[in-house]
Amino acid sequence: MIANGFPGNLDDSYRAGIIARILLFILVLFGLTKIVKNGLYYGNFLTLHAMELQSIKQRFDIIGDDPQLNRALDIAAQVANTDLPVLVTGESGVGKEAIPQIIHQNSPRKHNVYIAVNCGAIPEGTVDSELFGHEKGSFTGANEMRKGYFEVADKGTIFLDEVAELPLSTQVRLLRILQSGKFYKVGSSKVQKTDVRI
């Protein structure tokens, strides 16, 4: 179905996207299993002390006292000390971009790079180069080697906003990073390794 991690046609791309989403779901479930085993989860996430919650809200300019908002902040604080990938979902305009910032700033990675990428704003023809980098001469106009976001964010955190807007072939490459931390720059046959939280 897929040779060397790259889909051969649209049908393969569609299937690869479905497989990628299923595997991402499994990774999230596996991650929650690890949280359960570590005692961080008891049917409901442990509640942050009210002063800690208020401190997070003030630091990140969050206004409100809705139980769902408080639960989201509580979960963000709970997973901050893990290296689990986190999927943040919600309606447009609710401030989802604050959650990865809270996680990063409360994690051991807080002194390293935090990059927020709007995947929907990257032109489809350059998305792989932007995310994974490229080698000199790998395509017309590639006059020098360029690091991608995953290489720049090594040891840090990368927030992929609108990740569903990525082409399916790029989602397959993203899955490989989630699984192993490995990727190829555009135009390279050398495996790159990154330690980045997504």
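Residues numbered from 1 in each chain as written. Predicted model: local features only at pLDDT ≥ 70, side-chain atom pairs only at ≥ 80, totals over all residues. Heavy atoms only, no water.

## Section: the nonpolar core
- Core analysis: the largest hydrophobic core is formed by 17 residues, its most contacted members being Val117, Leu131, Phe150, Ile158, Leu160 and Ile198.
- Going through the elements one at a time, strand 5 (114-118), helix 5 (127-132), strand 8 (157-161) and helix 7 (168-180) are the ones with two or more residues in this core.
- It is helix 5 that provides the largest number of residues to this core, a total of three residues.
- Residues within four places of Leu131 in sequence aside, it is in contact with Val117, Gly148, Tyr149, Phe150, Leu160, Leu166 and Thr170.
- Ranked by size, the runner-up nonpolar core spans 13 residues in total, among them Ile62, Ala76, Ala80 and Ile103. (Core = buried A, V, L, I, M, F, W, Y, C linked by side-chain atoms within 4.5 Å. Buried < 20%, exposed > 50% of the residue type's maximum accessible area, 1.4 Å probe, protein only. Helix = DSSP H or I, 4+ residues; strand = E, 2+ residues; numbered from the N terminus. Contact = heavy atoms within 4.5 Å.)

## Some points on unusual backbone geometry
- If you check the backbone angles, Lys155 has positive phi at about 75° while not being a glycine.
- A positive phi angle is found at Glu162, which is not glycine, with a value near 60°.
- Within the secondary structure, Glu162 is located in the loop between strand 8 and helix 7.
- A relative accessible area of 42% places Glu162 in the partly exposed class.

## Quick look at the pattern of salt bridges
- Evaluation of the coordinates by the stated rule reveals seven salt bridges.
- As a salt-bridge pair, Asp65 and Lys57 come within 3.3 Å of each other at their nearest N and O atoms.
- The shortest N-O distance in the salt bridge between Arg109 and Asp195 comes to 2.7 Å. With Arg109 in the loop between helix 4 (98-105) and strand 5 and Asp195 in the segment after strand 10 (191-193), this residue pair connects regions lying 86 residues apart in the sequence.
- By relative accessible area, Asp195 is classed as partly exposed at 33%.
- Sharing partners across several salt bridges, the network here consists of Asp83, Arg109, Lys155 and Asp195. (Salt bridge = Lys/Arg side-chain N within 4 Å of Asp/Glu carboxyl O.)

## Quick word on the packing of aromatic side chains
- A full pass over the atoms with the stated rule returns two aromatic pairs.
- Relative to Phe150, the ring of Phe132 has its centre 5.7 Å away and its plane inclined at 10°; by these criteria the two rings are stacked. Placement of Phe132 in helix 5 and of Phe150 in helix 6 (residues 149-152) is noted, with a sequence separation of 18 residues between them. When sorted by exposure, Phe132 lands in the same class as Phe150, which is buried.
- With 6.1 Å between their ring centres and 35° between their planes, Phe132 and Phe183 make a pair best called tilted. A residue pair is termed long-range when its members are at least 10 positions apart, and Phe132 in helix 5 and Phe183 in strand 9 (residues 182-184) qualify at 51 residues. Phe183 matches Phe132 in its accessibility class, with the two residues each being buried.
- Through a chain of ring-to-ring contacts, the aromatic side chains of Phe132, Phe150 and Phe183 assemble into a single cluster.
- Geometry around Tyr149 places Arg146 over its ring, the cationic atom sitting 5.9 Å from the centre. (Phe/Tyr/Trp six-rings, centres within 6.5 Å; stacked < 30°, edge-to-face > 60°. Lys NZ or Arg CZ within 6 Å of the ring centre and 35° of its normal.)

## Brief notes about helix 3 (residues 67-79)
- If you check helix 3, its first and last C-alpha atoms are 18 Å apart, about what 13 residues at 1.5 Å a residue would give, namely 18 Å.
- Along helix 3, the residues classified as buried are Asn70, Leu73, Asp74, Ala76, Ala77, Gln78 and Val79.
- Capping the start of helix 3, Asp66 holds a side-chain oxygen 2.9 Å from the backbone nitrogen of Gln68, two or three residues further along. (Expected span 1.5 Å × (residues − 1). Polar contact = N/O pair within 3.5 Å; in protein donor to acceptor, adjacent residues only side chain to side chain.)

## Section: the packing of helix 3 against helix 4
- Where helix 3 meets helix 4, the closest approach of the two axes is 8 Å, and the angle between their N-to-C directions is 35°. You can see that helix 3 and helix 4 cross each other, and the crossing is right-handed. Contacts between helix 3 and helix 4 involve Ala72, Leu73, Ala76 and Val79 from the first element and Ile99, Ile102 and Ile103 from the second.
- Looking at side-chain class alone, the contact of helix 3 with helix 4 contains seven nonpolar, no polar and no charged residues. (Axes fitted to C-alpha atoms, helices over the stretch in contact; angles between N-to-C directions. Left-handed = near helix turned anticlockwise from the far one by under 90°. Nonpolar A, V, L, I, M, F, W, Y, C, P; charged D, E, K, R; others polar.)

## With respect to the pairing of strand 5
- Only one face of strand 5 is buried: it carries Ile115 and Val117, and the other face, with Tyr114, Ala116 and Asn118, is open.
- With five bridges connecting them, strand 5 and strand 8 associate as parallel partners. Bridge pairing links Ala116 to Phe159 in strand 8. (Pairing = 2+ DSSP bridges.)

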